[in-house]
Amino acid sequence: MKAMAIEVPGDPIAQPRVKVSTAGGFARAFVPKAHPVHAYRDAIAMTWRTAVGRHLEGPLRVEIDLVFRRPKSSKRSHHTVRPDASNCAKAVEDSLNGVAWHDDSQIVELGVRKRYGVPMTTVRVSEVR
């Protein structure tokens, strides 16, 4: 099967650590509503629904390419600063859970790359045979 791919323009955003509060003696974990990760995740899900529009079945290979704007002061050739690639990948996985696949446990191969260029997130998903 051919790989399905989407591109979402804009800076990649990492999944933040959850905040914990208690109400009525019960702990509740949440990400604050004002955090930009919510808009990022919505954009990824909407782009998938528009471009592909279906769930993929079985084991999956996911490749995520995270492209960040190079700061004017940076002389680095690689994006070795925050956010972490793994936290950005978690935001992408969570955004496509129930949209591109039924559950992210279907992912058996995952590749993530960070680099400088025109800011965007590219996600390629293919079924593993």
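As a reminder, the structure under discussion sits directly above these lines.
Nothing here was measured: the structure is a model prediction, and the numbers come from that model.

Scanning the model with the defined rule gives eight salt bridges in all. Among the ionic pairs, Glu63 bridges to Arg124, the shortest N-O distance being 3.5 Å. Of this pair, Glu63 sits in strand β4 (residues 60-68) while Arg124 sits in strand β6 (residues 120-127); the two residues are 61 residues apart in sequence, bridging distant segments of the chain. The partly exposed category is assigned to Glu63, whose relative accessible area is 33%. Here Arg124 falls in the partly exposed class, since its relative accessible area comes to 30%. Look at the salt bridges and you will find they share partners, linking Asp65, Arg113 and Arg115 into a network.

This part is about helix α2 (residues 85-96). Each full turn of the α-helix corresponds to 3.6 residues, which orients residues three or four apart in the same direction. Compared with an ideal rise of 1.5 Å per residue, which puts twelve residues at 16 Å, α2 spans 17 Å between its outermost C-alpha atoms and is within 8% of the ideal. Along α2, the residues classified as buried are Cys88, Ala89, Ala91, Val92, Glu93, Ser95 and Leu96. For α2, the secondary structure elements touched by its buried residues are α1 (37-51), β4, β5 (107-116) and β6. A positive backbone phi angle near 80° is found at Gly98, which sits one or two residues after α2.

Regular strands place side chains that alternate from one sheet face to the opposite one. Counted residue by residue, strand β3 (residues 26-30) has zero buried out of five residues, so it is predominantly exposed. With five bridges joining them, strand β2 (residues 19-23) and β3 adopt antiparallel strand pairing. Among the inter-strand pairings, Val20 is bridged to a residue of β3, identified as Ala29. Counting the residues that bridge the hairpin from β2 to β3 gives two residues, and of these Gly24 lies at a positive phi of roughly 65°.

With that out of the way, let us pick up the pairing of strand β1 (residues 4-9). Of the two faces of β1, only the one carrying Met4, Ile6 and Val8 is buried; Ala5, Glu7 and Pro9 on the other face are not. In the sheet, β1 pairs with β6 via six bridges, with the strands oriented antiparallel. Bridging from a neighbouring strand, Ala5 pairs with Arg124 of β6.

Here we take up the side chain of Gln15. Structurally, the position occupied by Gln15 is in the loop between β1 and β2. Look at Gln15 and you get buried, because its relative accessible area is 14%. Only 3.3 Å separates the side chain of Gln15 from the side chain of Arg41, close enough to count as a polar contact. With residues up to four places along the chain from it excluded, the contact list for Gln15 reads Val31, Val37, Arg41, Asn87, Cys88, Lys90, Ala91 and Asp94.

Rules of the game
Residues numbered from 1 in each chain as written. Predicted model: local features only at pLDDT ≥ 70, side-chain atom pairs only at ≥ 80, totals over all residues. Heavy atoms only, no water. Salt bridge = Lys/Arg side-chain N within 4 Å of Asp/Glu carboxyl O. Helix = DSSP H or I, 4+ residues; strand = E, 2+ residues; numbered from the N terminus. Buried < 20%, exposed > 50% of the residue type's maximum accessible area, 1.4 Å probe, protein only. Expected span 1.5 Å × (residues − 1). Contact = heavy atoms within 4.5 Å. Pairing = 2+ DSSP bridges. Polar contact = N/O pair within 3.5 Å; in protein donor to acceptor, adjacent residues only side chain to side chain.

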